[in-house]
Amino acid sequence: INLRHFKYLSLSCGGRSEEERFYMTCRAAYLSVFRSSLVNMTSKDQLCSVLQQAGRNPSQKALDKYWPPGTKKLNFDDFCEILKKEKTAEPDQLMRIFKKFDTNCDGYISHDELSRILTSSGEKMSPKEVDEVFSLADVNKDGKLDYAEFCRLLESTVEQCQTAALEKLEADAKLKRQNFGNQLDNSPQSLESQPELPASEIQPRTEPETTQRKDSRSSSRPSSARSRRSPLSTAITMGSGSTKSGRLAEPKSLQDWHHTLMRGCFYLEEDGTIVSLQYRLIIPETTSIYLTIRPLNLSPIPDKPSPWMCVDTALYVVTGNETKEDSNLVCFTELRDKERFLWRGELSAGSYLLLPFTTGCRLMKRTRKTATKTAQLVNRTQSGELELTKEFKAALSDIFEVIDLDGSGLLSLEEYNFFEQRTSGEKCDEDAWAICKENFDTRKNELTRQGFLELNLMEANDREGDPRDLWLTLEAMGYNRKHAELMFYCEDVKATLQAVHLDSGIKMLNSAVQRSITSKAEARSLKGHENVLVYTYKGESRISSVIANKSNQKVTVHINNEQSKNCVSSRGMSVFAVEVPPRTKMVCQHVMALNEQQEWTYSCVETIIPSL
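Residues numbered from 1 in each chain as written. Predicted model: local features only at pLDDT ≥ 70, side-chain atom pairs only at ≥ 80, totals over all residues. Heavy atoms only, no water.

S.K.: Any details on a positive patch on the surface? Residues and values, ideally.
M.R.: Residues Arg 515, Lys 550, Arg 583 and Lys 585 make up a contiguous surface patch of positive charge. Here Lys 585 is to be found in strand β25 (residues 584-593). For Lys 585, a relative accessible area of 39% corresponds to the partly exposed category. (Patch = residues over 30% accessible without salt bridge, like charges linked within 9 Å, V, L, I, M, F, W, Y side chains within 5 Å. Areas by Shrake-Rupley, 256 points an atom, 1.4 Å probe, with all protein chains shown as cover. Salt bridge = Lys/Arg side-chain N within 4 Å of Asp/Glu carboxyl O. Lys, Arg positive; Asp, Glu negative; His and termini not counted. Charge placed at Lys NZ, Arg CZ, Asp CG, Glu CD. Helix = DSSP H or I, 4+ residues; strand = E, 2+ residues; numbered from the N terminus. Buried < 20%, exposed > 50% of the residue type's maximum accessible area, 1.4 Å probe, protein only.)

Next comes the structure, spelled out in structure tokens:
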């Protein structure tokens, strides 16, 4: 336990949505440490302080993950993303931990007991730090920690934190206008009653009353705030059931083309990053290409597809070395036919990288629900031997399908090593693989599905039935993931397609996504800020935007999607801020329909937040 983290904050704001309450919690915590939400965090200690103010109890390991080596600063937007991932500290959780160390079960922990625990386990403290903690925790000054009384003291401190944070938010109206306009002053009811912003440049303003509505909305802000802000509004309406493209028909002789199938997986990490395998494509001579990517259905029930089939996919083709960030975008699967995304064209002879992509809109939306029941992974038979449960076998079978990249029904050493890299961070060498082939079911020197199950049963036996390591395997491979399948057709020649990397190339993919948006969309500058451009791309099923800052100073752009309908953003929030460094382009967000069977409207207002 980390007893240095005593204070936490959980704002309760009647009448507000869950998203608004979270947003207020972020701001209240941030402004408890900094004078403005425009001020950057410049150290790991500052990040820890702000997380504590928001009721989180981050471990040193978590802080190291959020602040990796080389990090110089994080901004308010980064803090909001981190806060989504950190669980709130609960007083009853602390009580349960105290009771575990109360060996006498008398409701007290002595100084010596506390010192022994805190200096020898977990994130070890120095004796001096333990003394400081005990001086605060020994509320009765009797040399013992009455931990029930101490937890009650924590709860009263929470109420004081809540009151102080709310008073600070409500009293500092000037700061709210400066940083985020009047968004927090409006109730959800008033926001719903306000008219939508006009679709500047994209949707013609044909009704005379549109201009009046815009003026009426703008006049609700003080004139000083209007003069310092520079809004740009975009509205796009997408039709219902837009899941089919008729512009790209399959080649009539496609069945005669050389083709290669590859499988893969998107993994949603704890920090929100989405990673996937990269593939190296080598084409011996110029040829026509037909490329598709789609979710991989693993459901054995024909009328009940896998739940991730609605998650979007795309494939970006770039030239360049996978170890370098610089690359050139060649093409991407822009067109759509149901769950498939397609590209057809001609590629010259050479080497290419194929980078799978998902916006994360629906992937993150689905994984926010947590399991309420822990499944049993292993059982003991009547003879006392361990066996895998039916549920665990089914999960392992799904994992086998995903790491069987070429769909052959067998695992090569290369395929198995992607599994090892993902679950343990290590790779299996030739000697260890030879042992696997001697002890488990193989065919053609490759591991069968049965052999894969036998290997996992051996691991369960090695740990005498302790399921914790088995759960780590499932958490790394079986949760927070979405399976994909790509098909590559060459008309005249046989190309080589091979998986090469799992966790590198994120910057290369981001660069490719940026270029795909800026090459297809028209740039519009924010009024009064000609060097700050917004590119808005409308695809078959998503809308994406990029902010380009051509100035020599960083800019902070406030994004408001509140007037959008039937939409979900890759940011996970409808109101947020993006800090764009000088001479830099940054993907702002991807937006998709919540329900594709209904019409959906993207309505976004981008506003420059003035510097202090």
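S.K.: Which residues make up the pairing of strand β3 (residues 232-238), and what values do they have?
M.R.: For β3, the buried fraction is high: six of the seven residues fall into the buried class. Direction of pairing for β3 relative to strand β26 (residues 600-609): antiparallel, over a ladder of seven bridges. Each bridged residue has a counterpart across the sheet, and for Leu 232 the counterpart in β26 is Glu 606. (Pairing = 2+ DSSP bridges.)

S.K.: Now, about helix α19 (residues 506-520): what can you tell me, with residues and values included?
M.R.: Under the 1.5 Å per step criterion, the end-to-end length of α19 is 22 Å for 15 residues, consistent within 8% with the ideal 21 Å. Among all positions of α19, only Met 508, Leu 509, Ser 511, Ala 512, Val 513, Gln 514, Ser 516, Ile 517 and Thr 518 are buried. Buried residues along α19 sit in contact with β8 (314-319), β9 (328-332), β12 (350-357), β20 (529-538), β21 (542-549) and β25. (Expected span 1.5 Å × (residues − 1). Contact = heavy atoms within 4.5 Å.)

S.K.: Describe helix α14 (residues 390-403), with residues and values.
M.R.: A rise of 1.5 Å per residue sets the reference length of α14, with its 14 residues, at 20 Å; its end C-alpha atoms lie 20 Å apart and thus fit the reference within 8%. Of the residues making up α14, those classed as buried are Phe 392, Leu 396, Ile 399, Phe 400, Glu 401, Val 402 and Ile 403.

S.K.: Explain the packing of aromatic side chains to me, and be specific about the residues and the numbers.
M.R.: In total, this model carries 10 aromatic pairs according to the counting rule given. Relative to Phe 34, the ring of Tyr 30 has its centre 4.9 Å away and its plane inclined at 40°; by these criteria the two rings are tilted. Centroid distance Tyr 416 to Trp 433: 5.5 Å. Interplanar angle 40°. Geometry classified as tilted. Within this pair, whereas Tyr 416 is found in helix α15 (residues 413-423), its partner Trp 433 is found in helix α16 (residues 430-439), the two being separated by 17 residues in sequence. (Phe/Tyr/Trp six-rings, centres within 6.5 Å; stacked < 30°, edge-to-face > 60°.)

S.K.: Go over the packing of α14 against helix α17 (residues 449-462) with me, naming the residues and quoting the values.
M.R.: Between α14 and α17, the shortest axis-to-axis distance is 10 Å and the interhelical angle comes to 125°. It follows that α14 is oblique to α17 by the angle criterion. Between α14 and α17 lies a crossing whose hand is right-handed. Listed contacts from α17 to Lys 393, Leu 396, Ser 397, Ile 399, Phe 400, Glu 401 and Ile 403 of α14 are Arg 449, Phe 452, Leu 453 and Asn 456. By residue class, the composition of the contact of α14 with α17 is six nonpolar, two polar and three charged. (Axes fitted to C-alpha atoms, helices over the stretch in contact; angles between N-to-C directions. Parallel < 35°, antiparallel > 145°, perpendicular 65-115°, else oblique. Left-handed = near helix turned anticlockwise from the far one by under 90°. Nonpolar A, V, L, I, M, F, W, Y, C, P; charged D, E, K, R; others polar.)

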